Amino acid sequence: DVGSLVSQVEPVDPKTRDAASIIVEDVKKNGREAVMRYGLKFGDLKPNQPLVLKRPALKAAFEALPSNQQELLIRTAKRIKAFAVAQRNSVKEVRVPIPGGWACQKVAPVEVAGCYAPGGRFPLPSSVLMTAVTAVAAGVKHVVVASPRPAEITKAAAHVAGADALLAVGGAHAIAALAYGAGEDLPACHAIVGPGNRWVTAAKQLVAGRVTIDMLAGPSELLVLADESANPAVVASDLLAQAEHDVVAIPMLVTTHEPLVAKVERELEAQLAKLSTSKTASASLKHGGIAVVCKDMASAIDCANQLAPEHLEVITKDDEKVAAQLQHYGALFVGHNAAEVLGDYGAGPNHTLPTGGTARSTGGLSVFDFLRMRTWMKLTDLKASQQLVLDSMALAKLEGLQGHSKSAQHRLIKSSL
């Protein structure tokens, strides 16, 4: 079972969940005071530093940036928005005839959304854009970005994305604040999205049900599916781009060409020597690096489908033919030119993606995470609806629900008996 090569652990360990639950309950009970307390305790905030940054502060951060950085954020946001708007337009309101009337689908965004962006070793403006631009494109009225110790570029990205506010804390207390609200300037959210550390993921699991969440993300993954046509230097570079994310990131190579493995390993060694993030990348390769040699392309495709990675690159001859046979992935990158990092940094599709094999059951973040599919019906011709009424009465009796049957019976025309 190739899938066992990637450990299928729970996205949240019990100890973290138990500890996070204390924080979440504290914020639920004590609101803003608890959020401020944890923000100070964990170093997110300094005394007298504002908890929530509003639109003017975000705009000021953007205006203080060099013009090249301003233009970079605007271009990236524009590409993300174009794809998100196309997604939104792919879902329409529908009207279907039913006996005696109509049944309809109405598509509506949630009113308030929270978008989390990690604030670890480096600022991640791309995560701000990926989440908040998508929420705005979905039609969400009020969008809050949450990010601990936000850099100026993070604030500026929130402005470009169209966010209404930025919550300047992270971790479980940030997720709890988004879920339950923490004052007039921080209303409770109806959807919470975005990647984060184990505390963020645990808190998202705890508040799921009260709010909708996108996913419970684990360590990031890249699988490169390659044959003899692949350039070892390119494959190694793509694997290192994944490995430098985190020491627990999972870079994988699946190939039909055994000599490629040794060539890629030599390239990894050479490129690591020149990489400023080599310490993290090297640890990732040792912890989660995987190479699988398959007897033929059919076996390689089966291997990739079993692994169901977050990111999947296809660097082979007949790449489109190979890609068409791949079934499980968060995002697919077809051909030598389609580097996964181009997806990370705003080609259009979202980079917030399922991990740990969950691509078998869910997809990446999209406008649909912020939308509700609501249905309604109206009966204007009671005579034409009589078979529906009779069927409803009969099914209610089969299920032992007399009240249901009597409710339907009130819509029964006596001549239909």
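Only a predicted model underlies this, so the values are computations on that prediction, with no experimental measurement involved. Once a new chain begins, its residue numbering starts again from 1 and follows that chain's sequence as written. The model is predicted, so local features are restricted to residues of pLDDT at least 70 and side-chain atom pairs to those at 80 or more, both for listing and for counting; the totals for chains, interfaces and linings are taken over all residues. Values shown for side chains rest on all heavy atoms present in the structure; no hydrogens or waters enter the calculation.

Peer 1: Please clarify how the sheet that holds strand β9 (residues 221-226) should be interpreted in this entry.
Peer 2: Pairing between sheet strands relies on hydrogen bonds along the backbone, with the strands arranged either parallel or antiparallel. Two strands qualify as a pair provided that DSSP identifies no fewer than 2 bridges between them. Starting at the N terminus, helices and strands are each numbered in turn, a helix being any DSSP run of H or I of at least four residues and a strand any DSSP run of E of at least two. With respect to topology, five strands assemble into an open sheet ordered β11-β10-β9-β12-β13, the strand pairing being parallel. One side of each edge strand has no neighbouring strand; the edge strands of this open sheet are β11 (290-293) and β13 (331-334). Each strand axis lies, on average, 15 degrees off the axis of its neighbour in the sheet, ignoring direction. As paired strands, strand β10 (residues 250-255) and β11 are joined by four bridges and run parallel to one another. Its bridge partner being in β11, leucine 253 is matched across the sheet by alanine 291. The contact criterion used is simple: two residues touch if any of their non-hydrogen atoms lie within 4.5 Å. Angular values range over 0 to 180 degrees, each being the angle between N-to-C directions of two axes fitted as lines to C-alpha atoms, with helices fitted over their stretch in contact. Its contacts with the sheet put helix α10 (residues 258-272) on β9, β10 and β11, and the angle it makes with β10 is roughly 145 degrees. Against the sheet, helix α12 (residues 297-307) touches β9, β10, β11 and β12 (311-315), its axis set at about 170 degrees to β9.

Peer 1: Hey, could you run me through the packing of aromatic side chains in this one?
Peer 2: In this description, an aromatic ring pair is defined by two values, namely the gap between the centres and the angle between the planes. Between rings of Phe, Tyr and Trp, where Trp is taken as its six-membered ring, a pair exists when centres lie within 6.5 Å; planes separated by under 30 degrees are stacked, by over 60 edge-to-face, and by other angles tilted. Inspection of every chain in the model, using the stated rule, returns one aromatic pair. As a reminder, the over-ring test applies to NZ of lysine and CZ of arginine, requiring each to be within 6 Å of the ring centre and within 35 degrees of the ring normal. In this structure, arginine 37 is placed above the aromatic ring of tyrosine 38, and the distance from its NZ or CZ to the ring centre is 5.3 Å. For arginine 95, the ring lying beneath its charged end belongs to tryptophan 102, and the centroid distance is 4.2 Å.

Peer 1: I'm lost on the pattern of salt bridges in this one. Help?
Peer 2: Any two side chains of opposite charge can pair, given that their charged atoms come close. Here, a salt bridge means any Lys or Arg side-chain nitrogen found within 4 Å of an Asp or Glu carboxyl oxygen. Scanning the model with the defined rule gives nine salt bridges in all. When the shortest N-O distance is used, the salt bridge between aspartate 185 and arginine 32 registers 2.7 Å. With aspartate 185 in the loop between α7 (171-180) and β7 (191-193) and arginine 32 in helix α2 (residues 32-41), this pair connects stretches of sequence that are 153 residues apart. With a 1.4 Å probe rolled over the protein chains alone, any residue whose accessible area is under 20% of its type maximum counts as buried; one over 50% counts as exposed, and the rest are partly exposed. The exposure class of arginine 32 is partly exposed, given its relative accessible area of 29%. Within the structure, one salt-bridge network assembled from shared partners comprises Asp26, Glu33 and Arg37.

Peer 1: Hey, could you run me through the environment of alanine 138 in this one?
Peer 2: Here alanine 138 shows up in helix α5 (residues 125-138). Note on alanine 138: relative accessible area 3%, which makes it buried. Separated by 237 residues in the primary sequence, alanine 138 and threonine 375 place their C-alpha atoms 18 Å from one another. When near neighbours in sequence (up to four residues on either side) are disregarded, alanine 138 contacts Arg88, Pro109, Val367, Phe370 and Leu371.

Peer 1: Honestly, the nonpolar core in this entry has me stumped. Any pointers?
Peer 2: A general trend in soluble globular proteins is that nonpolar side chains are found buried together. Side-chain atoms within 4.5 Å are what join buried Ala, Val, Leu, Ile, Met, Phe, Trp, Tyr and Cys residues into a set we call a nonpolar core. Core analysis: the biggest nonpolar cluster contains 74 residues, and Leu129, Val145, Leu167, Ile175, Leu178, Ile192 and Phe370 have the highest contact counts within it. Top contributing element to this core by residue count: α5, with eight residues. If sequence neighbours within four positions are ignored, valine 145 has contacts with Cys115, Val128, Ala132, Ala158, Ala163, Ala165, Leu166 and Leu167. Listed in part, the 18 residues of the second largest apolar core include Leu260, Val261, Leu272 and Ile315.

Peer 1: Hey, could you run me through the packing of helix α1 (residues 14-30) against α2 in this one?
Peer 2: Each packed pair of helices is defined by two parameters, the angle between the axes and the distance between the axes. One way to put it is that α1 packs onto α2 with a least axis distance of 6 Å and a crossing angle of 140 degrees. The pairing of α1 with α2 is recorded here as oblique in orientation. Contact with α1, carried on its side by Ile22, Ile23, Asp26, Val27 and Asn30, involves Arg32, Glu33, Ala34, Val35, Arg37 and Tyr38 of α2 and no other residues of that element. Looking at the contact of α1 with α2 residue by residue, the classes come out as six nonpolar, one polar and four charged. For this classification, under 35 degrees means roughly parallel, over 145 means roughly antiparallel, 65 to 115 means roughly perpendicular, and everything else is oblique. In the scheme used here, Gly and all other residues not listed as nonpolar or charged are polar, with Ala, Val, Leu, Ile, Met, Phe, Trp, Tyr, Cys and Pro taken as nonpolar and Asp, Glu, Lys and Arg as charged.

Peer 1: Please explain the pairing of strand β3 (residues 101-109) as it appears in this structure.
Peer 2: For a regular strand, side chains alternate in direction, first toward one face of the sheet and then toward the other. Pairing of strand β2 (residues 94-98) with β3 involves five bridges; the strand directions are antiparallel. By the bridge assignment, isoleucine 98 is partnered in β3 with glycine 101. Counted along the chain from β2 to the antiparallel partner β3, the turn is two residues long, and its residue glycine 100 has a positive phi close to 85 degrees. Direction of pairing for β3 relative to strand β14 (residues 371-379): antiparallel, over a ladder of nine bridges. Opposite lysine 106, over in β14, you have arginine 374 as the bridge partner.

Function-wise, these values are silent; they only describe arrangement.
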